[in-house]
Amino acid sequence: MNNFAWIENGSVTSTPGFRASGITAGLKKSGNPDMALVYSEAPANFAGVFTSCVFAAAPVQVCRRRVRTSSKASAFIINSGNANACTGAAGLENAEKMCELTAAELGIAGDAVLVASTGRIGVQMPMDIISKGIKLAAGALSAESGNQAAQAIMTTDTVPKACALTVELSGGKVTIGAICKGVGMIDPHMVTAPHATMICCITTDAACDNALLEKLLANNADNSFNRITVDGDMSTNDTCVIFANGKSNITLTEGSDDTAKFQAALLALMQNLARKQVMDGEGATKFVAIEIDGAPSTAAARQLAEAVANSLLCKTAWFGCDPNWGRIVAALGYAGVEFDPARVDIYYDDMIVVRQGGDAGTPEADLAKILKNREFTVKVHMNQGAGEYWVWTSDVSYEYVKINAEYHT
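Residues numbered from 1 in each chain as written. Predicted model: local features only at pLDDT ≥ 70, side-chain atom pairs only at ≥ 80, totals over all residues. Heavy atoms only, no water.

(A) Region of the structure containing the overall build of the protein chain. Secondary structure summary: the protein chain contains 11 helices and 17 strands in total. At 22 Å, the protein chain has a C-alpha radius of gyration in line with the 22 Å of a compact globule built from 409 residues. When the backbone C-alpha atoms are referred to their principal axes, the protein chain occupies close to 70 × 50 × 35 Å. For the protein chain, the residues scored as buried account for 57% of the 409 residues in total. (Helix = DSSP H or I, 4+ residues; strand = E, 2+ residues; numbered from the N terminus. Rg over C-alpha atoms; globule rule 2.2 N^0.38 Å. Buried < 20%, exposed > 50% of the residue type's maximum accessible area, 1.4 Å probe, protein only.)

Shown next, in the form of structure tokens:
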């Protein structure tokens, strides 16, 4: 039984002690909001996970350093419309400058500010616009503006993504809130600091040290954001950070029942946001869960699931409501896993498609009805091991091609 409750219209500012803003600085030609600021009124413990892309953007490099050198953080400045990626030394200097400018407006230290950017790659940041935007964002901070912040970090997203919940622990109630963006260039593999973009900011009033926060965040990322793919393309800017301001006076400790409950609630929140990303995937008309079981190992199950989830032939068939299972078995076959195809069964939801590696004889019209649904599951029973893995993905439509052929922020 869940020991948490969702907050209606929840966001990062549902958590006591946090304020946020979402404003228009002028980075986007559209004139839409393009800068967000999240601020903790008290210095907060924090942690982050970031893209494993070798071409990591300047803001990612700054944040990686922060989580290893700063004990507390108070603010997170985020812009959309410019990724500040592949911008060299100047880009790195500008990312640091964004932190310094934010810190000056808030009266805090520069190393207490995290930074994230999303938008076009390879373009230097217009710091005159950024400077003006930071002043506006700091002046607009409010405990009611979490959803405006969610709107300001959107790029090709069609809807802002935010949620919050409360979880009952032994010492009382703790709140967790979040905002998130990302609908394209989505195939995150975010790792902890030593090692179109997904950006997420999570807030909580629990008290928790940085090391435990990082462990909870990283473990949950592996079962939420790292399980989704829209187009198989990893971003240069993927960033997910969590702030814990301790205002509830409830402390999480390693191995406690309270920490287990908190982690379960945090996972529910992160999976909620991950699901929103896939549902709003660029041009997406389908939400498809790929579930593999009976694989030789967990690693093998992951390879198989990701091969199907990222197959353009599978994704276009789903868009056309075509139950062409041949595309699924082909993807399984080239995934790089050794298995006996004669033992494989495949289902669409609970309707069998493939039995022992061949056509199960289910009428195609019946299968097509399932694929006409907004959501369905492809279940693959390998029947040759204990490995399991799941991935959430979307279809590929005409609109996806149009969006990415014309994309210019």
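From this point on, the discussion continues.
(B) Representation of the sheet that holds strand 10 (residues 228-229). The strand order 10-17-12-16-13-14-15 describes an open sheet built from 7 strands, whose pairing is mixed. Every other strand in the sheet has two partners, leaving strand 10 and strand 15 (358-359) as the edge strands with one partner each. Alignment of strand 10 against strand 17 (residues 387-394), held across 2 bridges, turns out to be parallel. Its bridge partner being in strand 17, T229 is matched across the sheet by T393. Packed onto the sheet, helix 7 (residues 298-309) meets strand 10, strand 12 (287-295) and strand 17 and runs at close to 20° relative to strand 17. Contacts from helix 9 (residues 325-333) reach strand 12, strand 13 (345-348), strand 14 (351-355), strand 15 and strand 16 (375-381), with the element oriented near 135° to strand 13. (Pairing = 2+ DSSP bridges. Contact = heavy atoms within 4.5 Å. Axes fitted to C-alpha atoms, helices over the stretch in contact; angles between N-to-C directions.)

(C) Spotlight on the environment of V396. Tracing the backbone through its elements, the reader meets V396 in the loop between strand 17 and helix 11 (398-406). Sequence spacing of V396 and S311 is 85 residues, and the spatial spacing of their C-alpha atoms is 9.8 Å. Among all residues touching V396, those that are not within four sequence positions of it are L312, K315, T316 and F319.

(D) Here's a closer look at unusual backbone geometry. A positive phi angle, close to 50°, is found at D349, a residue other than glycine. Assessed through its relative accessible area of 24%, D349 is described here as partly exposed. Its identity as a non-glycine residue notwithstanding, N383 has a phi of 60°, on the positive side. As for its position among the elements, N383 is in the loop between strand 16 and strand 17. Residue classification places N383 among the partly exposed positions, given a relative accessible area of 37%.

(E) A look at the pairing of strand 4 (residues 73-80). With 8 of its 8 residues buried, strand 4 lies for the most part within the structure. Inspection of the sheet shows strand 3 (residues 35-51) paired to strand 4 by 6 bridges, in the antiparallel sense. Following the sheet pairing, V38 is matched in strand 4 by F76. Both strand 4 and strand 5 (residues 113-118) contribute to a ladder of 6 bridges, which runs parallel. Within the sheet, the bridge partner assigned to A75 lies in strand 5 and is V113. The handedness of the strand 4 to strand 5 crossover, carried by helix 2 (residues 88-106), is right-handed. (Right-handed = clockwise from strand over helix to strand, strands pointing away.)

(F) Inspection of helix 3 (residues 127-139) at higher detail. Taking 1.5 Å per residue, 13 residues should reach 18 Å; helix 3 reaches 18 Å between its end C-alpha atoms and fits that length. Where helix 3 is buried, its residues touch strand 2 (18-23), strand 3, strand 4 and helix 2. (Expected span 1.5 Å × (residues − 1).)

(G) View of the pairing of strand 5. Burial analysis of strand 5 places 6 of its 6 residues in the buried class, the great majority of the element. Alternating positions in strand 5 separate into two faces, V113, V115 and S117 on one and L114, A116 and T118 on the other, with burial throughout.

(H) Expanded view of the packing of aromatic side chains. Scanning the model with the defined rule gives 7 aromatic pairs in all. Measuring from centroid to centroid gives 6.3 Å for W318 and F376, while their planes differ by 80°, and the two rings are edge-to-face. Of this pair, W318 sits in helix 8 (residues 312-319) while F376 sits in strand 16, and the two are 58 residues apart along the sequence. Grouping residues by exposure puts W318 and F376 together as buried. Members of the aromatic cluster, each reached through a chain of ring pairs, are F287, W390 and W392. The residue whose ring lies beneath R227 is W390, and the NZ or CZ to ring-centre distance is 4.8 Å. (Phe/Tyr/Trp six-rings, centres within 6.5 Å; stacked < 30°, edge-to-face > 60°. Lys NZ or Arg CZ within 6 Å of the ring centre and 35° of its normal.)

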